[in-house]
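# Structural overview
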Amino acid sequence: MNLLVLAAETENPLYPPIPELVIGLIAFVIVFGFLAKKLLPNINKVLDERREQIEGGIEKAEAAQTEAQSVLEQYKAQLAEARHEAARLRQEALEQGTALKEELRAEGQRQREEIIAAGHAQIAADRKAASQALRQDVGKLATDLAGKLVGESLEDAARQSRTIDRFLSELEEKAEAAR
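Quick caveat, the model's predicted, so the values are computed rather than measured.

## A short note on the overall build of the protein
Across its full length, the protein holds three helices and zero strands. Helices and strands in the protein line up, N terminus first, as α-α-α. For the protein, buried positions account for 5% of its 179 residues. Total accessible area on the protein stands at roughly 15,900 Å², and carbon and sulfur atoms take up 61% of it.

And the structure:
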């Protein structure tokens, strides 16, 4: 008690008066009780809602990530399939090109053979025509020459034809013998 008396007499500003201390303590308990009863449940409710939103957001994010991963896998599969299809189409086009090239080469070869055959036939026809014309010219010259040598006219067509044929046959035999 001595302390209380001493405290009351000196009134230290660091030590509040006891009645004020008691009233302050009662007011603190009332405010704390009010806050605990009214404010704390609301705060807990808001915190629980936030936690649920965050967990729901995490679940949604995980679901979105899983979906994105599956879409990515599908995209990769489609891309691989498209690459495979493109390679197959390239190979097919290359094979078709090679076949077309071979076909065109064969067609060109066939046309070349036809042109060569036609050329040979034309040469043979020209040779025959030239031979025939040469035969006639040589025959005419031969009959004229023979007529001058023999001294008689060989204007008779049958006689002329026989003489020419005989003369040319002899020439051909000599030419073959010389070979």
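## What to know about the pattern of salt bridges
Opposite charge on two side chains allows them to pair when their charged atoms are near. Under the counting rule described, the total for this entry stands at seven salt bridges. Between Asp-48 and Arg-51 there is a salt bridge, and its shortest N-O distance comes to 2.9 Å. Residue Asp-48 and its partner Arg-51 are located together in helix H2 (residues 18-150), separated by three residues, close to a single helical turn. Asp-48 gets classed as partly exposed once you look at its relative accessible area, which sits at 33%. A salt bridge links Arg-110 to Glu-114; its shortest N-O distance comes to 2.2 Å. Highlighted residues: Arg-110 and Glu-114, both in helix H2, separated by four residues, approximately one helical turn. Classification of Arg-110 by relative accessible area gives partly exposed; the value is 39%.

## Description of a negative patch on the surface
On the surface, Glu-49, Glu-52, Glu-55, Glu-59 and Glu-62 cluster together into a negatively charged patch. Locating Glu-49 in the fold gives a position in helix H2. Given a relative accessible area of 40%, Glu-49 falls into the partly exposed group.

## A short note on the packing of aromatic side chains
Enumeration according to the criterion identifies one aromatic pair in this entry. Plain terms: the ring middles of Phe-28 and Phe-32 are 6.1 Å apart, the flat faces sit at 20° to each other, and that makes the pair stacked. Taken together, the residues span about one helical turn, with Phe-28 and Phe-32 both in helix H2 at a distance of four residues. According to the relative accessible area criterion, Phe-28 is exposed, its value standing at 52%.

## With respect to the environment of Ile-164
Residue placement: Ile-164 occurs in helix H3 (residues 157-178). Look at Ile-164 and you get buried, because its relative accessible area is 12%. Taking the C-alpha atoms as reference points, Ile-164 and Gln-136, 28 residues apart in sequence, are found 8.4 Å from one another. Each residue touching Ile-164, except ones within four places of it in the same chain, is listed here: Arg-135, Gly-139, Lys-140 and Thr-143.

## Details of the confidence of the model for the protein
Chain-level statistics for the protein give a pLDDT mean of 83 and a share of 87% at 70 or above. The secondary structure element of the protein with the lowest average pLDDT is helix H1 (residues 2-10), at 55, and the one with the highest is H2, at 89.

Reading the values: the criteria
Residues numbered from 1 in each chain as written. Predicted model: local features only at pLDDT ≥ 70, side-chain atom pairs only at ≥ 80, totals over all residues. Heavy atoms only, no water. Helix = DSSP H or I, 4+ residues; strand = E, 2+ residues; numbered from the N terminus. Buried < 20%, exposed > 50% of the residue type's maximum accessible area, 1.4 Å probe, protein only. Areas by Shrake-Rupley, 256 points an atom, 1.4 Å probe, with all protein chains shown as cover. Salt bridge = Lys/Arg side-chain N within 4 Å of Asp/Glu carboxyl O. Patch = residues over 30% accessible without salt bridge, like charges linked within 9 Å, V, L, I, M, F, W, Y side chains within 5 Å. Lys, Arg positive; Asp, Glu negative; His and termini not counted. Charge placed at Lys NZ, Arg CZ, Asp CG, Glu CD. Phe/Tyr/Trp six-rings, centres within 6.5 Å; stacked < 30°, edge-to-face > 60°. Contact = heavy atoms within 4.5 Å. pLDDT = per-residue confidence, 0-100.

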